[in-house]
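The primary structure of each chain is shown beneath.
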Amino acid sequence: MAGLSLQKVKKRFGETEVIGGVDLDVKDGEFVVFVGPSGCGKSTLLRMIAGLETTSDGRIEIGGRDVTGEDPAKRGIAMVFQTYALYPHMTVATNMGFPLEMAKRPKEEIDRKVAEAAKILHLEPYLQRKPRELSGGQRQRVAIGRAIVRQPGVFLFDEPLSNLDAELRVQMRIEIARLHQELGTTMIYVTHDQVEAMTLASRIVVLRAGRIEQVGAPLELYENPDNSFVAGFIGSPRMNFVPVTVVGVEGGKAMVAAPKLGLTGMAVATRGAAPKLGTAVNLGIRPEHFVAADGATSALSGKVTLVERLGGVTYAHAQLPEGGTITVESRDARSFNAGDGARFGLDGSRAFLFDQDGKRI
Amino acid sequence: MKRSFGQSLSLYGGLLLIALLIVLPFWWVISGSIKLPREIIQRVPTMIPESFTLQHFEKLLQASDFPVYLINSIIVASFSMAFTVLLALPAAYAFFRMEFPGRNALYRTILLAYAFPGVVVLIPLYGLFAKVGLIDSPVALVIVNVAFALPFSIWMMRSFLATIPREIEEAAVVDGAPTTTILVRILMPLIAPGIASVAIFAFISSWTEYLFASVLIVSDARRTIPVGFAGIIGQYQIDWGLLLAGATAAIIPVVILFALVGRWFVSGLTDGAVK
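Cut-offs and rules
Residues numbered from 1 in each chain as written. Chains lettered and ligands numbered in written order. Predicted model: local features only at pLDDT ≥ 70, side-chain atom pairs only at ≥ 80, totals over all residues. Heavy atoms only, no water. UniProt positions renumbered as here; feature names shortened; annotations may be inferred. Helix = DSSP H or I, 4+ residues; strand = E, 2+ residues; numbered from the N terminus. Pairing = 2+ DSSP bridges. Axes fitted to C-alpha atoms, helices over the stretch in contact; angles between N-to-C directions. Contact = heavy atoms within 4.5 Å. Buried area = accessible area lost by both parts, 1.4 Å probe. Salt bridge = Lys/Arg side-chain N within 4 Å of Asp/Glu carboxyl O. Polar contact = N/O pair within 3.5 Å; in protein donor to acceptor, adjacent residues only side chain to side chain. Nonpolar A, V, L, I, M, F, W, Y, C, P; charged D, E, K, R; others polar. Expected span 1.5 Å × (residues − 1). Buried < 20%, exposed > 50% of the residue type's maximum accessible area, 1.4 Å probe, protein only. Domains from an automatic or database assignment. Parallel < 35°, antiparallel > 145°, perpendicular 65-115°, else oblique.

- The name that an unreviewed UniProt entry assigns to chain B is Carbohydrate ABC transporter permease, with the source organism given as Mesorhizobium zhangyense.
- Within the UniProt record for chain B, the comment given under Sequence similarities (unreviewed entry) is "Belongs to the binding-protein-dependent transport system permease family."
- The UniProt entry for chain B carries the following comment under Subcellular location (unreviewed entry): "Cell membrane".

- Under an unreviewed UniProt entry, chain A has the name sn-glycerol-3-phosphate ABC transporter ATP-binding protein UgpC and belongs to Mesorhizobium zhangyense.
- Taken from UniProt, the Subcellular location (unreviewed entry) comment for chain A reads in full: "Cell inner membrane".

Side note on the UniProt feature "transmembrane region" (unreviewed entry) in chain B
Residue and element names in this part refer to chain B.
Step number 1: With numbering aligned to this structure, UniProt lists the feature "transmembrane region" (unreviewed entry) at residues 9-30, 69-93, 105-127, 139-161, 182-204 and 240-266.
Step number 2: Structurally, residues 105-127 comprises 87% helix and 0% strand, and the distance from its first C-alpha atom to its last is 29 Å.
Step number 3: Helix makes up 100% of residues 139-161 and strand 0%, and the two end C-alpha atoms of the span are 30 Å apart.

Here we look at the sheet that holds strand β3 (residues 31-35) of chain A
All names here are of chain A.
Step number 1: Strand order in the open sheet formed by 6 strands is β6-β7-β8-β3-β9-β10, with mixed pairing between adjacent strands. The open sheet is flanked by β6 (77-80) and β10 (211-216), the only strands paired with a single partner. Sheet twist, expressed as the average angle between the axes of neighbouring strands with direction ignored, equals 20°.
Step number 2: With 5 bridges connecting them, strand β7 (residues 154-158) and strand β8 (residues 186-191) associate as parallel partners. Bridging across to β8, Phe155 finds its partner in Met187.
Step number 3: Where helix α4 (residues 136-148) meets the sheet, it contacts β6 and β7, and its direction lies at approximately 175° from that of β6.

Observations regarding the interface of chain A and chain B
Step number 1: Facing the 26 residues of chain A at the interface are 23 residues of chain B.
Step number 2: Taken as a group, A:Thr83, A:Pro88 and A:His89 account for 24% of the area that chain A buries against chain B, more than any other trio of residues on that side.
Step number 3: Counting across the chain A and chain B interface gives 3 salt bridges.
Step number 4: When the shortest N-O distance is used, the salt bridge between A:Glu101 and B:Arg185 registers 2.6 Å.
Step number 5: There are 8 residue pairs in polar contact (both at pLDDT 80 or more) connecting chain A and chain B.
Step number 6: Among the elements of the structure, β6, α2 (92-102) and α4 of chain A are those that each provide at least two residues to the side of chain A that touches chain B.
Step number 7: The greatest single-element share of the side of chain A that touches chain B, amounting to 4 residues, is contributed by α2(A).
Step number 8: Looking at the side of chain A that touches chain B residue by residue, the classes come out as 17 nonpolar, 3 polar and 6 charged.

Digging into helix α10 (residues 192-207) of chain B
Step number 1: In this model α10(B) runs 22 Å from its N-terminal to its C-terminal C-alpha over 16 residues, within 8% of the 22 Å that 1.5 Å per residue would give.
Step number 2: Across the 16 residues of α10(B), 14 count as buried, placing the element largely inside the fold.

Thoughts on the domain arrangement of chain B
Residue and element names in this part refer to chain B.
Step number 1: Here chain B is partitioned into domain 1 (1-52) and domain 2 (64-272).
Step number 2: Summarising the inter-unit geometry, the C-alpha centres of domain 1 and domain 2 are found 31 Å apart.
Step number 3: Contacts between the two partners involve 8 residues from domain 1, matched on the other side by 7 residues from domain 2.
Step number 4: The largest share of the area that domain 1 buries against domain 2 comes from Val29, Ser33 and Ile40, three residues that together contribute 58% of it.
Step number 5: Across the contact surface, domain 1 and domain 2 share 0 salt bridges.
Step number 6: In this structure, the connection of domain 1 to domain 2 is made through 1 residue pair in polar contact (both at pLDDT 80 or more).
Step number 7: The dominant element in the side of domain 1 that touches domain 2, judged by the number of residues it contributes, is helix α1 (residues 5-32), at 5 residues.

Examining the sheet that holds strand β12 (residues 253-258) of chain A
All names here are of chain A.
Step number 1: The 5 strands are arranged β13-β12-β11-β14-β19 in an open sheet whose pairing can be described as antiparallel. Every other strand in the sheet has two partners, leaving β13 (263-269) and β19 (352-354) as the edge strands with one partner each. Strand-to-strand twist of the sheet, defined as the mean angle between neighbouring strand axes without regard to direction, takes the value 45°.
Step number 2: The sheet contact formed by strand β11 (residues 240-250) and strand β14 (residues 280-285) spans 6 bridges and is antiparallel. Directly across from Val242, in β14, lies its bridge partner Leu283.

Observations regarding the side chain of A:Arg203
Residues and elements named next belong to chain A.
Step number 1: Among the secondary structure elements, Arg203 is positioned in strand β9 (residues 203-208).
Step number 2: Side-chain polar atoms of Arg203 contact the side chain of Glu30, separated by 2.6 Å.
Step number 3: When neighbours within four sequence positions are excluded, Arg203 is seen to be in contact with Asp25, Val26, Lys27, Glu30, Phe31, Val32, Val33, Val215, Gly216 and Ala217.

Focus on the packing of helix α3 (residues 55-62) of chain B against helix α13 (residues 240-261) of chain B
Residue and element names in this part refer to chain B.
Step number 1: The contact between α3 and α13 brings their axes to 8 Å, and the two run at 75°. Our classification of the angle between α3 and α13 gives roughly perpendicular. Counting all contacts with α3, which are made through His56, Phe57, Lys59 and Leu60, the residues of α13 involved are Gly241, Leu242, Ala245, Gly246, Thr248 and Ala249.
Step number 2: In the contact of α3 with α13, the residues fall into 5 nonpolar, 4 polar and 1 charged.

This is the structure:
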């Protein structure tokens, strides 16, 4: 087991900087998930940690040792690829034992460790099969098994569940969580699926354009995002952003209003310096944080354009008078109908304010 | 998509025509080799032999130099094949995966070399081989055959390597496999069909090579089949039976090679590797 430290890590492809000075400390045994939209550099960063991409600048330490220029095999890591990357002509047992074979371990030790890993991953009946004779989930388990036998200091997962169907993905997610509990090894996991990030991570690293936007525990990011990007990225459906104006400031709260949207005034907690009166800001409110309009002190007016009834929850998509759209979650399947005008109750204590650059106010 | 009867008819008709164009000459050679001489030279050729004899084969094996030519050809073609594969594989891997200055320029230059007809370099090569004492040596033929087969073989092998998902190699790198191990243990089994294709290409190129074999080999005992055969066609008469029997026998090693390496032409070898 080992911790990981990234110090001002940069990656350039020619003139293009894809990772721009990342600093991150991962404690021993932590499960850290890199999330971000496509092209944000999360996979590149993981590949740099693995040593599959060179580091243009900065320093990578694993277990307190500088591994920036080290070969992948000497970094004390194991990697599970999105596409499994199994050796198709080898059996499951040979696939899993390959890293130990390369490390010139004795055959008895290889057999023992492969058997142990197969037991953990329920792969014992398939050890003599070839990858093509396995299902997608089993193949991914073999790939994980190949990583386990090395007993690495750090596990690296590059979108390992992306190729699985929805049901299998849930199963494997649970399996990976169980594995982390069982092994207690440091795990770095890349995904664009925020459900995976929220359920697996001890800490989430949100990346955008090769830079870290925020690092924190899943609920911390959900409840206390630093900026509108993180606020919009964490949470599904994504947070609504509504343009409002600051009409009053008092004791750590800002009174915001958008008369044309039916919002006459609502107090929202601020952090840091108080915004100036008259400043145009964005009100962030999650779909699940709308409340019933009856009895709510503040509300937005809009016209329901589409209603998605999923059974347990219902999502109403509404058009606001000034052109924006919002998504509202309701537990009552019959509370909204497409085409109707409606008022959507707001709870100021669950709302956020962001300046025009997206920074949390 | 379902084809209409007319489409199917024209498709199968076309395929049959092409098959006949390819198969008929072979049939004429093979069936001719077992016909009596008078039937072979008959004014109206017979497609189905009316006579049967093995006299041409007997003469071929007992009274001609064919066995010597055959052995020479097998030696030259086998070595040419082996060296072509051995050199094309690492070269293709280097061009495909490794980063080094001038990689693309060198790759293009090698392909360009393939564009030159052999006759252009015949005289300089003769001079070169004469200087190093390789005239009348099968080594010279192997060198020439390998040199001419390599550009296309590298190109073909590189195309096969490109079908292997990069993650498989990366997984092997993370697992601690050195480059040679990756090539031998991981990539070679996966591109077996490519290796087989290159091997067959190299073997047949060498097996049928005439120009260099006719110039670089001087003594009769070192001739290969194509050149040796030319001697069978005499100035005043041609022993057609012997020629056809020789042509039939010359096909056999190639057929055996196909039978041996054919099992490597397995599609879907990388099934289950990714996704």
